[in-house]
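# Remarks on the overall topology
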Amino acid sequence: MEVKKVITPIDFSDNSKLIAESAAYFAGKFGASLHLIFVVQNFEDYSGFFVPQMSMPNLEQDLIAGAEEKMASFCAELEESLTRAGISEVTHQVSMGDVAEQIVEFAAANKGDLIVMGTHGYKGLEKIMFGSVADKVVRSAPCPVLTINPYTCCKTE
C-alpha cells in the first residue's frame, strides 16, 4: 500500500498540536501530503434540547468563519514542525455536520490513504451524548486509521 495522502482531524483541544505533529511525522516518512480537517458540530445533534431563538444561518456562518481563522492560526503555529518533518504540501478544510461522518466523507472524497487521529479530544457531556468520534471513524473509514492516545504516547523524559 502506498501512502500519499494523510488526513488528520483537528478539534483545537490541548492535544491537537501533538496529534498534528505526529501525523506530520508519518506523512513525512511516507513522503505524503497532509490534509487537516476541523468539523463544526451540526446543531441538529442537539435536537430535543432547548435552544433559544436565534438566526441559525448567521450563527453557523459565524462559527465556520471563526473556525477557519482558528485553523489558519493553528497551521501557522505548526509551520516549523511541518518543515522539520519534510512536509511539502499541507491543506486544511473546515466542514459542518456530524464530526465522524464528515471525517469519513472527507477521506473518501480526497482519496485519503491514512487517517491519523487522536483517541481523546474534548470530553464530558458531548462524549457521553454522541459517542466516540474515533470509534465511529475507525468503523467506517475508507482507509486505515492510526489512532494516537495523547496521554500515553510521545512522552518526553
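What you are looking at is a predicted structure, and each value in this text was computed from that prediction instead of being measured.

### So, the sheet that holds strand E1 (residues 5–9)
Sheet architecture is open: five strands sit in the order E3-E2-E1-E4-E5, paired in parallel fashion. Unpaired on one side and paired on the other, strand E3 (90–97) and strand E5 (145–148) mark the two borders of the sheet. Taken over all neighbouring pairs, the strand axes of this sheet differ in orientation by 25 degrees on average, direction set aside. Where E1 meets strand E4 (residues 114–118), two bridges bridge the pair, whose relative direction is parallel. Counterpart to Ile 7 in the pairing with E4 is Ile 115.

### A few points about the pattern of salt bridges
Following the criterion strictly, the structure yields four salt bridges and no others. Here Arg 139 makes a salt bridge to Asp 135, at a shortest N to O gap of 2.9 Å. Here the residue Arg 139 and the residue Asp 135 both occupy positions in helix H5 (residues 133–140), the gap between them amounting to four residues, near one helical turn. Look at Asp 135 and you get partly exposed, because its relative accessible area is 35%.

### Considering the pairing of strand E2 (residues 33–41)
With respect to burial, E2 is a largely interior element, nine of its nine residues being buried. Residues Ser 33, His 35, Ile 37, Val 39 and Gln 41 point to one face of E2 and Leu 34, Leu 36, Phe 38 and Val 40 to the other, with burial holding for every one of them.

### Regarding the confidence of the model for the protein
Detailed conclusions should not be drawn from predicted coordinates in areas where pLDDT is low. Across the protein, the average pLDDT comes to 85, with 80% of residues at 70 or higher. Looking at the elements of the protein, mean pLDDT is at its lowest for helix H4 (residues 125–130), recorded as 45, and at its highest for E1, recorded as 97. Here residues 124–130 is modelled with pLDDT under 50, and outside its nearest four sequence neighbours on either side it reaches nine contacts, counting other chains as well.

About the thresholds
- Residues numbered from 1 in each chain as written.
- Predicted model: local features only at pLDDT ≥ 70, side-chain atom pairs only at ≥ 80, totals over all residues.
- Heavy atoms only, no water.
- Pairing = 2+ DSSP bridges.
- Helix = DSSP H or I, 4+ residues; strand = E, 2+ residues; numbered from the N terminus.
- Axes fitted to C-alpha atoms, helices over the stretch in contact; angles between N-to-C directions.
- Salt bridge = Lys/Arg side-chain N within 4 Å of Asp/Glu carboxyl O.
- Buried < 20%, exposed > 50% of the residue type's maximum accessible area, 1.4 Å probe, protein only.
- pLDDT = per-residue confidence, 0-100.
- Contact = heavy atoms within 4.5 Å.

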